[in-house]
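Residues per chain are reported as follows:
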Amino acid sequence: MNILNYADAFFSDSAHWQDYDGIPARLGEHVQYTLMALGIAAAIGLPVGLLTGHTGRGGNALALIATSGRALPSFGLMVLMFILLGLGMAPVMIPLVVLAVPPILVTTNEAMRSLDPAPVDAARGMGMGEAQVLFRVELPTALPLILSGLRSAAIQIVSTATIAAYVSFGGLGRYIVDGLYQRDYEKVVGGATLVAGLAVATLLVFWAVARLAVSRGVRRPG
């Protein structure tokens, strides 16, 4: 039985579309974990990245934080948090946030520092304050690259949130973990397919957001 047959058997089984273990419920849980982790990571990474990029200070510290965050194993960190904090949302959120902060933080900083200084200097010459320069000149121009950092973080969270199932949480990882334990490869393939589909949907959402939020004057081709 090949992968396509496994996937077809999984999605054609009506039992997989109903109740607490159905696809809609598990997909909703996975999206919830993703939005929560991305929201927390953005609340941390965006202000720090904007501030350091605007002032031109702290680049070396950000590089160190990013390297450290990316080096931490998400699964190991989750297990450690589960041991220390017990069952709850925190052991799941902490590894996902730690994973998502570095790309948001570093990309936002780089987006701000790579701006053409001429419009910024002109804005200051017109008497704009630093806050006005940041939010009316720098941020709109840097937005495409900032969104790419958020997109990268979101994709990483979608992929990594499957580990929540290892500490008895839900989400699409439940199919993969339970399927491996039960040797039910239909579940494994179905869960992996859903995660991949959600990742593609995330890319499309960010593409749509970029088309709506980014000014045509600074939008990248395509």
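What counts and how
Residues numbered from 1 in each chain as written. Predicted model: local features only at pLDDT ≥ 70, side-chain atom pairs only at ≥ 80, totals over all residues. Heavy atoms only, no water. Helix = DSSP H or I, 4+ residues; strand = E, 2+ residues; numbered from the N terminus. Buried < 20%, exposed > 50% of the residue type's maximum accessible area, 1.4 Å probe, protein only. Areas by Shrake-Rupley, 256 points an atom, 1.4 Å probe, with all protein chains shown as cover. Expected span 1.5 Å × (residues − 1). Bend = angle between axes of the 7 residues up to and from the residue. Polar contact = N/O pair within 3.5 Å; in protein donor to acceptor, adjacent residues only side chain to side chain. Contact = heavy atoms within 4.5 Å. 1 Å grid on protein atoms, 1.4 Å probe; cavity = no way out; pocket = protein on both sides within 12 Å on 5 of 7 lines; lining within 4 Å. Points joined across faces, edges and corners; volume = space filled by probe spheres on them. Nonpolar A, V, L, I, M, F, W, Y, C, P; charged D, E, K, R; others polar.

Draft legend 1. Local environment of the overall build of the protein. Helix and strand counts for the protein stand at nine helices and zero strands. N-terminal to C-terminal, the α/β element order of the protein is α-α-α-α-α-α-α-α-α. With the C-alpha coordinates of the protein rotated into their principal frame, the extents come out at 65 × 40 × 25 Å. A buried classification covers 42% of the 222 residues belonging to the protein. Counting every atom, the protein has about 11800 Å² of accessible surface; 65% of that belongs to carbon and sulfur.

Draft legend 2. Highlighting helix H7 (residues 130-160). Between the first and last C-alpha of H7 there are merely 38 Å, a value that for 31 residues lags more than 12% behind the 45 Å anticipated at 1.5 Å per step. For H7, the principal kink sits at Leu143 and spans about 60°; a proline, Pro144, occurs within the next four residues.

Draft legend 3. Local environment of the side chain of Thr52. Along the chain, Thr52 falls in helix H2 (residues 23-55). Among the polar contacts listed, one links the side chain of Thr52 to the backbone oxygen of Val48, at a separation of 2.8 Å. Apart from residues no more than four positions distant in its own chain, Thr52 is found in contact with Arg57, Leu62 and Asn109.

Draft legend 4. A look at the layout of surface pockets. Looking at the second largest pocket, its volume works out to about 170 Å³. What lines the second largest pocket is Val31, Thr34, Leu35, Leu38, Ala154, Val158, Leu198, Ala201, Thr202, Val205 and Phe206. Broken down by secondary-structure element, the contributors of at least two residues to the lining of the second largest pocket are H2, H7 and helix H9 (185-213). With five residues, the top contributor of residues to the lining of the second largest pocket is H9. A breakdown of the residues in the lining of the second largest pocket according to their chemical character gives nine nonpolar, two polar and no charged.

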